[in-house]
Amino acid sequence: KKDGRESHCIECRSKQKKIYRDNNKDLISERRKKFLETNPNYFKHYQIKWKYGVDWEFIQKLIDNQSGCCAICGDTLKGGYMTHIDHCHETSKVRGVLCLKCNTGLGKFNDDVSTLKNAIDYLEQSRK
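Since we're looking at a predicted model, the values are computed, not measured. Throughout, a residue's number is its position along its own chain's written sequence, starting from 1. In keeping with the model being predicted, local features are shown solely for residues with a pLDDT of at least 70 and side-chain atom pairs are shown and tallied solely at 80 or more, while totals for entire chains, interfaces and linings include all residues. To get the side-chain values, take all heavy atoms of the structure and skip hydrogens and water.

Each patch groups residues whose relative accessible area exceeds 30% and which form no salt bridge, using 9 Å between like charges and 5 Å between nonpolar side chains of Val, Leu, Ile, Met, Phe, Trp and Tyr. Here the Shrake-Rupley method, with its probe set to 1.4 Å, supplies the accessible areas, and only the displayed protein chains count as covering residues. Salt bridge, as applied in this entry: a Lys or Arg side-chain nitrogen positioned within 4 Å of an Asp or Glu carboxyl oxygen. On the surface, Phe35, Leu36, Tyr42, Phe43, Tyr46 and Trp50 cluster together into a nonpolar patch covering about 670 Å² of accessible area. Put simply, DSSP marks the helices as runs of H or I at least four residues long and the strands as runs of E at least two long, and each gets a number from the N terminus on. Mapped onto the nonpolar patch, the elements with two or more residues apiece are α2 (25–38) and α3 (42–52). When residues of the nonpolar patch are assigned to their parent elements, the largest contribution, four residues, is made by α3. Mapped onto the elements, Trp50 comes out in helix α3. Burial status follows relative accessibility: with a 1.4 Å probe on protein chains alone, a residue under 20% of its type maximum counts as buried, one over 50% as exposed, and anything between as partly exposed. The exposed category is assigned to Trp50, whose relative accessible area is 65%.

See below:
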């Protein structure tokens, strides 16, 4: 109702919703399918907002500021599962947008700067 109240308790309303869903699976499935056809990025954008606390426009600005390239290696971001939003695991702050291999690399090194420096030293010494 307008005042925010319902005529049924939460438990009864929950039971009613479950009965409706069980009896109207095809209708609900069709509505969901139509919604996703007209809003193909809805879940991706929702997940970004929920997980990182930023909207899609913020991520798009990051990508534009990076000229559509990975912030580490400079390869062109291909989109989809190959593009990753990099964030600090301590603060949850978004740092940039990376390709799959760079994001995986940072993850394998646990974002540890000293370990990454050791890896650089190792690579440089092995080339001599």
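There's more to say after this.
Turning to the nonpolar core, a few remarks are in order. Note on terminology: a nonpolar core comprises buried Ala, Val, Leu, Ile, Met, Phe, Trp, Tyr and Cys residues joined through side-chain atoms within 4.5 Å. In terms of nonpolar packing, the biggest core is built from 15 residues, with Ile59 and Val94 touching the most fellow members. For this core, the elements supplying multiple residues, two or more each, are α3, α4 (56–65), β2 (94–99) and α5 (100–108). Tallying contributions element by element places β2 first for this core, with four residues. The contact definition used throughout considers only heavy atoms, calling two residues in contact when any of these lie within 4.5 Å. Apart from residues no more than four positions distant in its own chain, Ile59 is found in contact with Ile48, Val54, Ile85, Val94 and Val97.

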